Amino acid sequence: MFEEASEVFDNMFKSSFPLTFIVFIPAVLILVSPLPAEAAHEFTVYRMQQYDLQGQPYGTRNAILNTEARTVEAEVLSRRCVIMRLVDFSYERYQKALRQSAGAVVIILPKNMSTMPQDIVQQFMELEPEMLATETIVPVYFALEDDELLSIYTQTLTSSSSQGSSSAAEVLIHTATANGFQMVTSGAQSKAVSDWAITSLEGRLAGTGGEDLPTIVLVAHYDSFGVAPWLSYGADSNGSGVSMLLELARLFSRLYTYKRTHAGYNLLFFVSGGGKFNYQGTKRWLEDNLDHTDSSLLQDNVAFVLCLDTLGNGDSLHLHVSKPPKEGTAQYALLKELETVASNQYPEVKFSMVHKKINLADDTLAWEHERFGIRRLPAFTLSHLNSHREVQRSSIMDVRSVSSEHGAGEPPAGPHVDLRKLSRNTKLIAESLARVIYNLTEKGAPGDLQIFTEQMQMQEEQLSSVVDWLTAQPRAAQLVDKDSSVVSTLEYHLGRYLKDVRRHYVKADKRDPEFVFYDQLKQTMNAYRVKPAIFDLLLAFCIAAYLGVIYLSIQVSVLFCVFKQTHFKVKQHGLRSGVANLSRHGQHT
């Protein structure tokens, strides 16, 4: 069979070489062109938030991406993956991509945020809530920059910028010769996560001296929030609050160990989950303790509830209240003791009370103490922030480690935790609580009296290690399930100092869920090096032109051969006629 095929090919080459040439060259081009594509770069991307809260959708509603890359400088962005760096990001450019129905948006973030100017970081933090407030079907991803990704961005930028050239021919040539990138995600379409449980933890220190003792409740939510869950480390908000709560638990557990310093107050510690989602963990905990049980410390004599939120920086402390405390109450005593300790022991701290009524018409509550206020429990929130609208409470820029390269005296970019100020604030609050618990002011104790000294002093190294541990991992509510190491480690730390440490779970109602989380928040993206579609058209045109030239050459060659043969036959016929005439003429003579 192979010998017969060989003979056929030999005959084709010998008898019809031009025809063979025309047939085999395109065949070789067709077979060689679709070489297997290899990824130019593979990197991890983090998708924007997608959740429903009180029936209202937020964030991006899509996760699938398979489209060609462009930068925002390109004139046409429809069905393209728009890549932009944080330094070039603006809300107008982001909206441009959405208006033109881009296939996706990928925002490249620097690995070290301290290299970014303060104004760029502040601008992005202010834009995060606006990006989440608008529901979009366009997939929005974030990626941490590296050399390969920056190279892809640079090449794509060069290709996109060429579209503004003055000559159409230049645009065509550059587009056809430039390298493009096809951006493809490996995951599937996002879907709602069913039966997700938000976990909260409680523990207590029982007072001494009677049964109906007043109870002080200390609360801090442990989850973080930002435009992308996998990038939300929440160092100051609220890693600082949880770290402070654990240190307060350690300090007062030491006081409650000795009979001489065992106070007549119950101390109830609550580490809540779902704080960034309208304090869902706190809401369910209150329902369980006030509506579904007959025996709870919250049903008895609650002196006050103190919520700790964003306390790792600044030289200000604000006591946020929904209702100003009345003189003669435990709440008023706390307010006065905070003023006393701040003025006598930490004069650099500016302390003030901020009054804001609860607005039930808002989609979400402002502070965690408002959950308690709705249930008529006296509550406050302590924070170094003056307003609940401060953008650093919900930003991916809120990180622990800031290796600033700025000049002396210039603050580093973005929110962060200043361990010295966190330690100072913890000591200030601990001293104020102790003065309330032991009624030191009425006993005539001076304002500069310090209780937590020597063997009872704070352990800054332990406080630092807890902050480092908390902020070394994203703690978005969608990522922290009941089996998470975050929950188990917090439970371990509470168990070292407190009694009756228990977990509380909250799941969304299946019929009318208050919150819904979605998956596909972290994916692998591949950038495949490809030629643009115009290159295929240009290649097809060149092949067609090539075949046309060959065809015309063959036709001209054939016509020339036919003409030459005809001319030769005519000439030969004339020669023969002349010879015949000469022959007849010779015979005649």
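Look up: the structure comes first, before these words.
Residues numbered from 1 in each chain as written. Predicted model: local features only at pLDDT ≥ 70, side-chain atom pairs only at ≥ 80, totals over all residues. Heavy atoms only, no water.

Concerning the packing of helix H7 (residues 235–257) against helix H11 (residues 419–437)
In a packed pair of helices, the relevant descriptors are the angle between the two axes and the axis-to-axis distance. Rules: To define axes, lines are fitted to C-alpha atoms, for helices over the stretch in contact only, and angles between the resulting N-to-C directions are given on a 0 to 180 degree scale. Every helix listed is a DSSP run of H or I at least four residues long, and every strand listed is a run of E at least two residues long, numbered separately from the N terminus. If an angle is under 35 degrees, it is roughly parallel; if it is over 145, roughly antiparallel; if it lies from 65 to 115, roughly perpendicular; otherwise it is oblique. For any pair of crossing helices, the crossing counts as left-handed if the nearer helix is rotated counterclockwise from the farther one by less than a right angle, and right-handed if it is rotated clockwise. Contact criterion: two residues are considered in contact whenever any of their non-hydrogen atoms come within 4.5 Å of each other. In the scheme used here, Gly and all other residues not listed as nonpolar or charged are polar, with Ala, Val, Leu, Ile, Met, Phe, Trp, Tyr, Cys and Pro taken as nonpolar and Asp, Glu, Lys and Arg as charged.
Running from amino to carboxyl end, H7 crosses H11 at an angle of 45°, the nearest separation of the two axes being 10 Å. It follows that H7 is oblique to H11 by the angle criterion. H7 and H11 meet at a crossing whose hand is right-handed. Across the interface between the two elements, Ser240, Met244, Glu247, Leu248, Leu251, Phe252 and Tyr256 from H7 touch Leu422, Asn425, Thr426, Ile429, Ala430, Leu433, Ala434 and Ile437 from H11. When the residues that make up the contact of H7 with H11 are grouped by side-chain class, the tally is 11 nonpolar, three polar and one charged.

Let's talk about the packing of aromatic side chains
Threshold: In this analysis, rings of Phe, Tyr and Trp, with Trp reduced to its six-membered ring, are considered paired at centre separations within 6.5 Å, and the interplanar angle assigns stacked below 30 degrees, edge-to-face beyond 60, and tilted for intermediate values. Exposure classes here rest on a 1.4 Å probe applied to the protein chains alone. A residue is buried below 20% of its type maximum, exposed above 50%, and partly exposed in between. A ring has a charge above it when a Lys NZ or an Arg CZ is no more than 6 Å from the ring centre and no more than 35 degrees off the ring normal.
Taken as a whole and judged by the stated rule, the model has 14 aromatic pairs. Taking 6.3 Å as the distance between ring centres and 80° as the angle between the ring planes, the aromatic pair formed by Phe124 and Phe142 counts as edge-to-face. Of this pair, Phe124 sits in helix H4 (residues 118–133) while Phe142 sits in strand S7 (residues 140–144), and the two are 18 residues apart along the sequence. Taking the relative accessible area as the measure of exposure, Phe124 reaches 1% and is therefore buried. Considering the side-chain rings of Phe252 and Phe452, the 5.6 Å spacing of their centres and the 70° angle between planes classify their relative orientation as edge-to-face. Here the residue Phe252 occupies a position in helix H7, and Phe452 occupies one in the loop between H11 and helix H12 (460–470), the gap between them amounting to 200 residues. Judged by relative accessible area, which is 1%, Phe252 ranks as buried. Ring-pair connections join several aromatic residues into one group, and the members of that group are Tyr51, Tyr58, Phe225, Phe277, Phe515 and Phe517. Seen from the ring of Tyr518, Arg61 lies directly overhead, with NZ or CZ sitting 5.1 Å from the centre. One Lys or Arg, Arg393, reaches over the ring of Trp367 and ends 4.2 Å from the middle of that ring.

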